[in-house]
Amino acid sequence: MIRILDIIFAVICLIITSPLLFFVFFLSWLDTSSPLFIQKRVGINRKAFFLVKFRSMQLNTKSVGTHLVDKSRITNFGKFLRKTKLDELPQLWNVLKGDMSFVGPRPCLFSQKKLIKERNQRKVFEQMPGITGLAQLKGIDMSSPNLLAKTDQKMLDDLSPFKYFFYILATFFMILGIRIFD
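This text gives an overview of the structure that appears in the document.

About the criteria used
Residues numbered from 1 in each chain as written. Predicted model: local features only at pLDDT ≥ 70, side-chain atom pairs only at ≥ 80, totals over all residues. Heavy atoms only, no water. Phe/Tyr/Trp six-rings, centres within 6.5 Å; stacked < 30°, edge-to-face > 60°. Buried < 20%, exposed > 50% of the residue type's maximum accessible area, 1.4 Å probe, protein only. Helix = DSSP H or I, 4+ residues; strand = E, 2+ residues; numbered from the N terminus. Pairing = 2+ DSSP bridges. Expected span 1.5 Å × (residues − 1). Bend = angle between axes of the 7 residues up to and from the residue. Contact = heavy atoms within 4.5 Å. Arc of directions from axis to C-beta. Lys, Arg positive; Asp, Glu negative; His and termini not counted. Salt bridge = Lys/Arg side-chain N within 4 Å of Asp/Glu carboxyl O.

### Considering the packing of aromatic side chains
Phase 1 of the analysis: Counted under the stated rule, the structure contains seven aromatic pairs.
Phase 2 of the analysis: Ring pairing ties together the aromatic residues Phe9, Phe102, Tyr164 and Phe165, which thus form one cluster.

### What about the pairing of strand 2 (residues 48–54)?
Phase 1 of the analysis: Taken across its seven residues, strand 2 has five buried, putting it largely inside the fold.
Phase 2 of the analysis: In the sheet, strand 1 (residues 36–42) pairs with strand 2 via seven bridges, with the strands oriented antiparallel. Opposite lysine 40, over in strand 2, you have phenylalanine 50 as the bridge partner.
Phase 3 of the analysis: Between strand 1 and strand 2, which pair antiparallel one after the other, the connecting turn spans five residues, and asparagine 45 there sits at a positive phi close to 55 degrees.

### Examining helix 1 (residues 2–32)
Phase 1 of the analysis: Between its first and last C-alpha atoms helix 1 spans 36 Å; for 31 residues at 1.5 Å apiece the expected length is 45 Å, and the helix comes up short by more than 12%.
Phase 2 of the analysis: Largest kink in helix 1: about 60 degrees, centred on threonine 17, with the proline proline 19 one to four residues after it.
Phase 3 of the analysis: Those residues of helix 1 that fall on the buried side of the exposure criterion are Leu5, Asp6, Ala10, Thr17, Leu21, Val24, Ser28 and Thr32.
Phase 4 of the analysis: Among the structural elements, strand 2, helix 2 (76–84), helix 3 (91–97), strand 3 (101–103) and helix 7 (161–175) are those in contact with the buried residues of helix 1.
Phase 5 of the analysis: Positive backbone phi, approximately 65 degrees, marks serine 33, located one or two places after helix 1.

### Observations concerning helix 7
Phase 1 of the analysis: With 15 residues, helix 7 ought to run about 21 Å at 1.5 Å a step, and its terminal C-alpha atoms sit 22 Å apart, in line with that.
Phase 2 of the analysis: Those residues of helix 7 lying buried are Tyr164, Tyr167, Ala170 and Thr171. Buried residues in helix 7, looked at end-on, bunch into an arc of 135 degrees, giving them a common side.
Phase 3 of the analysis: Once helix 7 finishes, glycine 177 follows within two positions and takes phi at roughly 95 degrees, a positive value.

### Comments concerning the side chain of aspartate 6
Phase 1 of the analysis: Here aspartate 6 lies in helix 1.
Phase 2 of the analysis: For aspartate 6, which is buried and forms no salt bridge, the nearest opposite charge comes from arginine 3, at a distance of 4.4 Å.
Phase 3 of the analysis: Apart from the residues lying within four places of it in its own chain, the contact partners of aspartate 6 are Val95, Met100, Ser101, Phe102 and Tyr164.

### Re unusual backbone geometry
Phase 1 of the analysis: Of note in the backbone geometry, serine 33 takes a positive phi value of approximately 65 degrees without being a glycine.
Phase 2 of the analysis: One can find serine 33 in the loop between helix 1 and strand 1.

As structure tokens, this is what we get:
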């Protein structure tokens with residue numbers, strides 16, 4: 001059921017946001033001359049896939065978790081993209097392809113061994129990674145691998161179509177500056 005919702009919403013969102021996607025692509029190209037950021041991530045059943053985002057950092061920035069990146073590497077336009085979450089829009093393609101869902105644990109890097117171990121113990125990799133989820137809404141990032149994996153497991157254990165819509169709506173409110181979770 002959730003996969004069907006993912007496909008329907010991805011198609012609708014891609015159609016609705018296509019002018020915005022092209023505009024941001026153009027501005028990102030002016031910013032870095034390389035508008036898309038493509039990175040290998042851990043997907044369902046620990047299989048690799050390539051996550052696509054709008055580039056928010058300077059070229060040749062070290063490939064590490066966001067919490068470990070030197071913040072001075074983020075471009076001015078990249079700061080805007082991150083604040084508005086527009087850098088995430090190309091992930092609609094990942095959702096349409098079946099690499100990701102709208103709701104699920106954020107996909108980690110293969111170098112994040114502690115997080116992979118924690119998620120593996122909790123069977124988090126049996127589900128598709130997502131653009132948003134409970135951990136993002138609570139502000140838990142990959143710097144706390146144990147807490148993140150526990151939160152991911154809790155979300156996946158309780159995930160229903162209602163909660164799927166709730167997490168998407170809560171994310172939209174969070175982008176607008178209205179926090180539902182603390």
